[in-house]
Amino acid sequence: MDCVPALDESLRKTVGGNTAKVMADHLGLHTAGDLLHHYPRRYAERGELTRLADLPLDEHVTVVAQVAKAAKKTFNHGKGVRLEVVVTDGSGALTLVFFGRAAHHHERELLPGRRGMFAGKVSVFNRTRQLAHPDYEMLDQDSGADAVDSFASQLLPLYPACKQLSSWQIAKSVGALLDTFEADGWQHLADPLPTGLRAGRGLDTLPEAFRKVHRPRTKADIAAARDRLKWDEAFILQVALARRRHADAQLPAVPRVPREAGLLDAFDAKLPFTLTDGQRAVSAEIFDDLATEHPMHRLLQGEVGSGKTMVALRAMLGVVDAGGQAAMLAPTEVLAQQHHRSIVEMMGELAEGGMLGGAEQATKVVLLTGSMGAAARRKALLDLVTGEAGIVIGTHALIEDKVQFHDLGLVVVDEQHRFGVEQRDALRSKGKQPPHLLVMTATPIPRTVAMTVFGDLETSVLDQLPAGRSPIASHVVPAKDKPHFLTRTWERVREEVEGGHQAYVVCPRIGDEEDDPKKASAEDEAEKRPPLAVLDIAEQLAKGPLAGLRVEPLHGRMQPDAKDEVMRRFAAGDVDVLVATTVIEVGVNVPNSTVIVIMDADRFGVSQLHQLRGRVGRGSAPGLCLLVSEMPEASPSRARLDAVAATLDGFELSRIDLEQRREGDVLGQAQSGVRSSLRMLAVIEDEEVIAAAREEAVTIVSGDPELTGFPELRTALDALLDAEREQFLDKG
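As for the overall build of the protein
- Scanning the protein from terminus to terminus reveals 27 helices and 21 strands.
- Pairs at least 24 residues apart make up 73% of the contacts formed inside the protein by residues separated by at least 6 positions.
- Summed over all atoms, the accessible surface of the protein reaches about 32,800 Å², with 50% contributed by carbon and sulfur.

Some points on the packing of aromatic side chains
- A complete count under the given rule lists seven aromatic pairs for this structure.
- Ring centres of W231 and F235 lie 6.5 Å apart, and the angle between their planes is 40°; on these two criteria the pair is classed as tilted. With W231 and F235 both in helix α9 (residues 219-250) and four residues apart, this pair spans about one turn of that helix.
- The buried category is assigned to W231, whose relative accessible area is 6%.
- A relative accessible area of 0% places F235 in the buried class.

Examining helix α25 (residues 687-703)
- Across its 17 residues, α25 extends 25 Å between first and last C-alpha, which sits within 8% of the 24 Å expected from 1.5 Å per residue.
- For α25, the full list of buried residues reads V689, I690, A691, A692, A693, R694, A697, I700 and V701.

A few points about unusual backbone geometry
- A positive phi is found at N126, a non-glycine position, where the angle reads about 50°.
- Within the secondary structure, N126 sits in the loop between β5 (115-125) and β6 (128-132).
- Even without a glycine there, the phi angle at H133 is positive, about 45°.
- Residue position: H133 is located in the loop between β6 and β7 (135-138).

Quick look at the nonpolar core
- One finds W231, F235, V239, L368, L384, V392 and F405 to be the most contacted residues of the largest nonpolar core, which totals 50 residues.
- Beyond its immediate stretch of four places on either side in the chain, L368 contacts R377, A380, L381, L384, V392, I393, G394, T395, A397, L398 and V403.
- Among the nonpolar cores identified, the runner-up in size contains 39 residues, and M310, L313, M316 and A351 belong to it.

Quick look at the pairing of strand β9 (residues 297-302)
- Burial analysis of β9 places six of its six residues in the buried class, which makes it a mostly covered element.
- On β9, burial covers both faces: H297, L299 and Q301 on one face and R298, L300 and G302 on the other are all buried.
- The pairing of β9 with strand β14 (residues 436-441) spans five bridges and is parallel. Looking at β14, one finds that Q301 is bridged to T441.
- Bridge count for β9 against strand β15 (residues 458-462) is five bridges, and the pairing is parallel. Pairing of G302 across the sheet is with L462, part of β15.

Observations regarding the sheet that holds strand β13 (residues 408-414)
- Spatial strand order, β11-β12-β10-β13-β14-β9-β15: seven strands in an open sheet with parallel pairing. With one partner strand each, in any of the chains shown, β11 (364-368) and β15 form the two edges of the open sheet. The mean angle between the axes of side-by-side strands here comes to 20°, regardless of whether they run parallel or antiparallel.
- Of the strands in this sheet, β9, β13, β14 and β15 touch helix α11 (residues 277-290), which is tilted by about 155° from β15.
- The strands touched by helix α13 (residues 333-347) are β10 (325-329), β11, β12 (389-394) and β13; relative to β11, the strand with the most contacts, the crossing angle is about 170°.

Quick word on the pattern of salt bridges
- One pass over the full model with this rule turns up 33 salt bridges.
- Among the salt bridges present, the one from E9 reaches K13, with a minimum N-O distance of 3.4 Å.
- Note that E552 and R569 form a salt bridge whose closest N and O atoms lie 2.2 Å from each other. With a gap of 17 residues between them, E552 in strand β18 (residues 551-554) and R569 in helix α20 (residues 560-571) connect regions that are remote in the sequence.
- Each of R488, E491, R492, E495 and E496 takes part in a single network of salt bridges with overlapping partners.

Side note on the packing of α9 against α25
- Their axes nearest at 8 Å, the elements α9 and α25 cross at an angle of 45°. Classified by the angle their axes make, α9 and α25 are oblique. Along this stretch, α9 crosses α25, giving a crossing that reads as right-handed. Of the residues in α25, those in contact with K230, W231, A234, F235, Q238, V239, A242, R243, R245 and H246 of α9 are V689, I690, A692, A693, R694, E696, A697, V698, I700 and V701.
- Tallied by class, the residues present in the contact of α9 with α25 amount to 13 nonpolar, two polar and five charged.

Some words on the environment of L299
- Within the fold, L299 resides in strand β9.
- On a C-alpha basis, the gap between L299 and V461 in space is 8.3 Å, while along the polypeptide they are 162 residues apart.
- Aside from chain neighbours lying at most four places away, what touches L299 is V439, T441, I445, F454, L457, E458, T459 and S460.

Some points on the side chain of R245
- If you trace the backbone, R245 turns up in helix α9.
- Salt bridges are absent for the buried R245, whose nearest opposite-charge side chain, E458, sits at 4.5 Å.
- Excluding residues that lie within four positions of it along the chain, R245 makes contacts with G455, D456, E458, R694 and V698.

Rules behind the numbers
Residues numbered from 1 in each chain as written. Predicted model: local features only at pLDDT ≥ 70, side-chain atom pairs only at ≥ 80, totals over all residues. Heavy atoms only, no water. Helix = DSSP H or I, 4+ residues; strand = E, 2+ residues; numbered from the N terminus. Contact = heavy atoms within 4.5 Å. Areas by Shrake-Rupley, 256 points an atom, 1.4 Å probe, with all protein chains shown as cover. Phe/Tyr/Trp six-rings, centres within 6.5 Å; stacked < 30°, edge-to-face > 60°. Buried < 20%, exposed > 50% of the residue type's maximum accessible area, 1.4 Å probe, protein only. Expected span 1.5 Å × (residues − 1). Core = buried A, V, L, I, M, F, W, Y, C linked by side-chain atoms within 4.5 Å. Pairing = 2+ DSSP bridges. Axes fitted to C-alpha atoms, helices over the stretch in contact; angles between N-to-C directions. Salt bridge = Lys/Arg side-chain N within 4 Å of Asp/Glu carboxyl O. Parallel < 35°, antiparallel > 145°, perpendicular 65-115°, else oblique. Left-handed = near helix turned anticlockwise from the far one by under 90°. Nonpolar A, V, L, I, M, F, W, Y, C, P; charged D, E, K, R; others polar. Lys, Arg positive; Asp, Glu negative; His and termini not counted.

On their own, these measurements won't tell you what the molecule is for.
Structure (structure tokens):
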């Protein structure tokens, strides 16, 4: 019994030290459980039996044939060896090739005169059809048609493999592991799904699922196994998140209720427009949360330009009214400065607390970034610790140990996907009690992704654009196929500027990178063309099609003061065309900009293009977004651009985006840990599974938060939440 591995036991016992080391180093597989959950990527059907005379190229085939001759040959001055075996079925001949150690091994079996079944992919070498390293099974004289049929129709699991370990070798290791579990009757396997839930949903037991996913007899086996294993992933993750939410709900927090006739009322009274219904509804949800004795954990997602900043600012003013302080964390200095500038503008004299001319209810709004001078920084830190500053806006600089607050009541995190959870948490730990947390994202997130990635947060959605927002027309400009379209693009930019408006031109690269040639060659193997660069394009435009206009570059490697100066001048209308990298992607608000030209648009992701497009159409004049690409019409990247041009619905676009990208990208590096443990679950396709798993998880956790009655589920959670991931979720 001792030889039967538990799921958390090292693979050394089952597969041996050398293979275990390769699996750990190259595939991240350390335990028996890891290997059982290393599912086949797809399944090859050995294929119908094929006559040698009819072999199709590049397809998997299975043939029954007799060995005619076998010979070992050396190559590479005698260093390499290969075995060439010619087989025939009377209709034609085929060569089988084996290299290296395999040549010596197979020579003993593949003797002239023996019959066998051979399966592999047909290729051509030296005008001869061949199978390289085929699977095969020798047929005894008395093997009948049944043996041939069962071999040919078998589904072969193809595993994610590495250079050091082929799919075939992994399959052997998985087979050995399954055999040891089978011999033990799977007694050491804890099933995380409660029996009632599993039976109620008609799902296979866990041993059945492992058997069917690794050794399927039919395609129905594979489907049944996938259904069960998807449920495991969705359910365990949702239980982890439900327990997180439950634990958060037990934490203490200071209720923050705005006082009557205070800062918030004064601010609302001077607003030159009315809030949208959506803004009102979301604000009500936030103020309800802020009034409770437990910390708010809310995700505010909304379309580009739906007025999230206004909602967040009102929440911050409410907290200041209630005697606390609010901090807004932005991912870049450009964005922090932009937020600071626009918030101070919106508040007017209400942002001049303690200053001459400041309103009676006013507070101070300070900026804190890494590149500030020592004196300004000291002053800002002092304003925070004394409580003089009610609102602080900053970058990662806010997280440093030196930064202390008088009474931090609310943390607003802008553009969540740019921040690791650790950073979010470091700021939260600066409150006397856990502060309330509002996370904003301008990337619309489909419901199931929100449930999976931000499942520890309650979600509010703003999907209404404020009145006065203008429509944005989007077009793809095929620069290579139709160069006159590009000429027309620059004419349109000139027309907008002559009409009193401004324009953005966005490029993927800055242009002063030292290692550009190398980078370009690696990244652009397909196109053999380096990405267009800000500095080059700005110069070409200023001397060529936009000569006479005020064209200026902006990119992330400029000194912060220089960047801020360019943005100020652009906002003031002193720059006609801003040629920039994606530093303008989020939060930049210049209502007079009406056109954005995105060069090499195929190099950006869908949601990034949607964000960039949101920089125009912010005033009363209609916006225009031109997506310039040299990719051919039939390419997938052009299809992606056409999708962006066809709709302004960010939720629809994010769905398209996620369907085209790998799951790991969707869940993002900052969301590592638990969420990247999804192997079978596809967050978009498996919407129903995720929603149902969440409901089941909430029911179980609300009735038994410690999972005392579910020891197997507890064990599975512990396996999922190893130390690093547990910490990750704790910080969620």
